[in-house]
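Take a look at the letters that make up each chain.
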Amino acid sequence: MTTHHDVCAYRRDREWWQDAVVYQVYPRSFADSTGDGIGDLPGILDRLDYLVDLGIDALWISPFYTSPLRDGGYDVADYRDVDERLGTLADIDRLIAACHERGLRIIMDIVPNHTSSDHRWWREVLTSEPGSPAWSRYMIRPGREESANEPPSNWRSVFHGPGWSRLILDDGTTTDYWYLHLFDSTQPDLDWSNPEVRSEFRDILRFWFDRGVDGFRIDVAHGLVKDPDPPDMDYDSMVETDILGVAPDAPYWDQDGVHDIWREWRVVADSYDPPRILCGEAWAPTPERLARYQRPDELHTSFNFDYLAAGWDYERMRESIDATVANHANVGAPPTWVLSNHDVIRHATRFGPTEDGSPVTKPTVVDDERGRRRALAATMFLLGLPGSAYLYQGEELGLPEVFDLPDDARQDPVWFRSKGTDTGRDGCRVPLPWKANEPSYGFSPQGRSWLPQPDVWRDFAVDQQQDDDASPLALYRRALAQRRSEPALGQGPMEWMDGAPEGALAMRRFTAEPGHPSLAIVINMTEATIHLPSSWGTDVVLASEGDIATLSDDASSHLVMGPETAVWLRR
Ligand code: GLC
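Residues numbered from 1 in each chain as written. Predicted model: local features only at pLDDT ≥ 70, side-chain atom pairs only at ≥ 80, totals over all residues. Heavy atoms only, no water.

## Structural notes on unusual backbone geometry
- Looking along the chain, the bond that leaves Asp 273 and enters Pro 274 is cis, with omega of -5°.
- If you trace the backbone, Pro 274 turns up in the loop between helix H7 (258–270) and strand S11 (277–280).
- With a phi angle near 65°, Leu 224 is a residue other than glycine that sits in the positive phi range.
- Considering the arrangement of structural elements, one finds Leu 224 in the loop between strand S10 (215–218) and helix H6 (240–243). (Helix = DSSP H or I, 4+ residues; strand = E, 2+ residues; numbered from the N terminus.)

## A look at the site of the ligand
- Close to the ligand lie 13 residues; Asp 71, Asp 219, Glu 281, His 342 and Asp 343 are nearest.
- At a separation of 2.6 Å, an oxygen atom of the ligand approaches a polar side-chain atom of Asp 71.
- Considering the ligand on its own, with 310 Å² of exposed area, one finds that the protein chains cover 95% of that surface. (Near = heavy atom within 4 Å. Polar contact = N/O pair within 3.5 Å; in protein donor to acceptor, adjacent residues only side chain to side chain. Areas by Shrake-Rupley, 256 points an atom, 1.4 Å probe, with all protein chains shown as cover.)

## Quick notes on the domain arrangement of the protein chain
- You can read the domains of the protein chain as domain 1 (15–115 + 195–472) and domain 2 (120–180).
- Look at where the C-alpha atoms of domain 1 and domain 2 centre, and you get two points 30 Å apart.
- Contact with domain 1, which involves 26 residues of that partner, is made by 20 residues of domain 2.
- Together, the buried faces of domain 1 and domain 2 total about 2100 Å²; carbon and sulfur atoms form 57% of this surface.
- By the criterion of area lost to domain 2, the three top residues of domain 1 are Pro 230, Leu 244 and Arg 417, representing 27% of everything that side buries.
- Where domain 1 touches domain 2, the interface holds three salt bridges.
- With its nearest N and O atoms 3.1 Å apart, the salt bridge here joins Arg 137 to Glu 196.
- At the junction of domain 1 and domain 2, the tally comes to 12 residue pairs in polar contact (both at pLDDT 80 or more).
- Looking at the side of domain 1 that touches domain 2, the elements that each hand over two or more residues are helix H5 (195–210), H6 and helix H13 (413–417).
- Of the residues assigned to the side of domain 1 that touches domain 2, the class counts are 14 nonpolar, two polar and 10 charged. (Domains from an automatic or database assignment. Contact = heavy atoms within 4.5 Å. Buried area = accessible area lost by both parts, 1.4 Å probe. Salt bridge = Lys/Arg side-chain N within 4 Å of Asp/Glu carboxyl O. Nonpolar A, V, L, I, M, F, W, Y, C, P; charged D, E, K, R; others polar.)

## Overview of the sheet that holds strand S13 (residues 336–338)
- Ordered by their spatial adjacency, eight strands build an open sheet running S12-S11-S10-S6-S3-S2-S14-S13, and the pairing between neighbours is parallel. Pairing within the sheet leaves two strands with one partner each, and these edge strands are strand S12 (301–302) and S13.
- As paired elements, S13 and strand S14 (residues 388–392) share three bridges and run parallel to each other. Residue pairing in the sheet places Trp 337 in a bridge with Ala 389 of S14.
- Strands in contact with helix H3 (residues 89–101) are strand S3 (58–61) and strand S6 (105–110); relative to S6, the strand with the most contacts, it is inclined by about 140°. (Pairing = 2+ DSSP bridges. Axes fitted to C-alpha atoms, helices over the stretch in contact; angles between N-to-C directions.)

## A word on the pairing of strand S9 (residues 174–180)
- One ladder, built from three bridges, connects strand S7 (residues 140–142) with S9; its direction is antiparallel. Of the residues in S9, the one forming a bridge with Pro 142 is Tyr 177.

## What about the packing of H5 against H7?
- One can describe the packing of H5 onto H7 by two numbers: an axis separation of 10 Å at closest approach and a directional angle of 30°. H5 and H7 meet at a crossing whose hand is right-handed. Residue-level contacts link Arg 198, Phe 201, Arg 202, Leu 205, Arg 206 and Phe 209 of H5 to Asp 260, Ile 261, Glu 264, Trp 265, Val 268 and Ala 269 of H7.
- Per-class residue counts for the contact of H5 with H7 are seven nonpolar, no polar and five charged. (Left-handed = near helix turned anticlockwise from the far one by under 90°.)

## Here's the deal with the sheet that holds strand S21 (residues 557–561)
- Pairing is antiparallel across the open sheet formed by three strands, whose spatial order is S18-S21-S20. Bordering the open sheet on either side are strand S18 (530–532) and strand S20 (548–552), each of which pairs with just one other strand. Pairwise comparison of adjacent strand axes, ignoring direction, gives a mean angle of 30° for this sheet.
- Relative to S21, S20 is paired through five bridges, and the arrangement is antiparallel.

## Concerning the nonpolar core
- Tyr 23, Trp 208, Trp 262, Trp 265 and Phe 381 are the most contacted members of the largest nonpolar core, which has 139 residues in total.
- The element best represented in this core is helix H12 (residues 368–382), accounting for seven residues.
- When residues of this core are assigned to domains, at least three fall in each of domain 1 (15–115 + 195–472) and domain 2 (120–180).
- Membership of the second largest hydrophobic core comes to 19 residues, among which are Trp 164, Leu 180, Leu 182 and Phe 183. (Core = buried A, V, L, I, M, F, W, Y, C linked by side-chain atoms within 4.5 Å. Buried < 20%, exposed > 50% of the residue type's maximum accessible area, 1.4 Å probe, protein only.)

## Section: the confidence of the model for the protein chain
- The predicted model of the protein chain averages 94 in pLDDT, with 97% of residues at 70 or higher.
- Every residue in residues 1–12 is under pLDDT 50, and counting partners more than four places away or in other chains gives 36 contacts. (pLDDT = per-residue confidence, 0-100.)

## A short note on the environment of Ser 165
- By the secondary structure assignment, Ser 165 is in strand S8 (residues 164–168).
- As a C-alpha pair, Ser 165 and Pro 152 span 13 residues in sequence and 9.8 Å in three-dimensional space.

## Brief notes about the packing of aromatic side chains
- Enumeration according to the criterion identifies 30 aromatic pairs in this entry.
- Note on Tyr 23 and Phe 30: the rings are 6.4 Å apart at their centroids and 75° apart in plane angle, and the pair reads as edge-to-face. The pair Tyr 23 / Phe 30 is uniform in exposure class, with both members buried.
- Members of the aromatic cluster, connected to one another through ring pairs, are Phe 64, Tyr 65, Tyr 79, Trp 192, Phe 201, Phe 207, Trp 208, Trp 262 and Trp 265.
- The residue whose ring lies beneath Arg 28 is Trp 450, and the NZ or CZ to ring-centre distance is 3.8 Å. (Phe/Tyr/Trp six-rings, centres within 6.5 Å; stacked < 30°, edge-to-face > 60°. Lys NZ or Arg CZ within 6 Å of the ring centre and 35° of its normal.)

Structure (structure tokens):
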């Protein structure tokens, strides 16, 4: 069946964020300029031309605020300053200016669900009386039972273990109260029913918008609002991944009240010229619930994790695309697509087939070569979808997940809180390889690296790929350059094509401007070679691998695609 998604509801006056390719920098792991083994802002500045050559439109930088780095900077101690290990305010000003000079947008990451326990507000809690104004900024509740020895509810932390910890003051007093931390115990949750919390964050937005930042990625945008009188959850009926993830019906996720906050933030973003943009890290139980975050007076876009979770499964992928495109069209917003980030197993490994066919959710043996082949195909297909695309640093090099980090090197709080049963997210955060034959593969001038880099990093280094046309880096560059030059990509409508072989997905992309040729975007997710109808076109605009070719005889020509490949075709 052919479905036609009418995207007329998209704003015709094209805004940059509607079809941008946004590159995520995880600053600790991108490039180190000082030699301490921790990546920093000057390191990003030094490599900016690499990103320009890659062909991205915008940079999103994970947090670099002052932080004890217990959760890689998602534990903020001062929202108006830069951590001294990552740079200075002058460095970020320089980086903003350098991005703008090169036509790149720059998006920061804001963490409003919780602060670090090193934040001034939490320090005040620890020296104040119960019921003081300082306490009312956080989710602090009395314990159950007369002894208060039981937490207010059974809520669990996303990082494993209990979601509440007993509140012990600086003078050693064990209070009858508990504080909520949906993440690490050093990340107390703020109470967003408190107007002071709301106005403080609007001020923080202005602080950075005034410096020229083009927008924010909002951490845990589906959190923030919780049932004020925390009821117990029925976790028994849930699987572990849901308890640690979306947890449908949890009274702390995706509550209607969060939308009021996004409306307030939108007013702030819109008060700038040009308007600043907001992109939510929102985990919603369905694409329909997710689309609510993109209503016209709320966030501009949100991450679409449903697509990321679909895995290497053409039916799930197609369902997710259908639901996402339709639900976003309903609210007049462009969809977004992402396959990797600093929280998930890199997709070159996640898509790798395992011996017993089970999905890659934890360290296991995968066929790396096929994983990479599939990942490149999946990314080339993703870049053909309507809307904006998010890339995670290192995926353009085809980097795999690093599963075999030594235990004593691991730093993710997930590893500690799960007592080593969950290896956590360090494996996708290993510092990037720039130069094959330098210490720390060119990441740091002194050859240091906050997480050890594996030997295979040598083969993946930027300098090994940049002059090799068959490298992942060269493919990403070709794809992004082509995407920019194709009016049919990004914003035009899409339509599934009839007659795709079983296990393949084929869409036609039309330009919003009449008269321009359409493109066919096809992914072959089977382990076999497939032949495409000649009417689909034989002019190969982009191919994820070398084994995609036109076969011709006297009568006609048609296209042959090798297993696990993707192609962009013009008639
Ligand atoms: C988000 C971030 C993740 C962080 C968590 C708590 O999910 O992406 O890295 O640990 O929020 O802030």
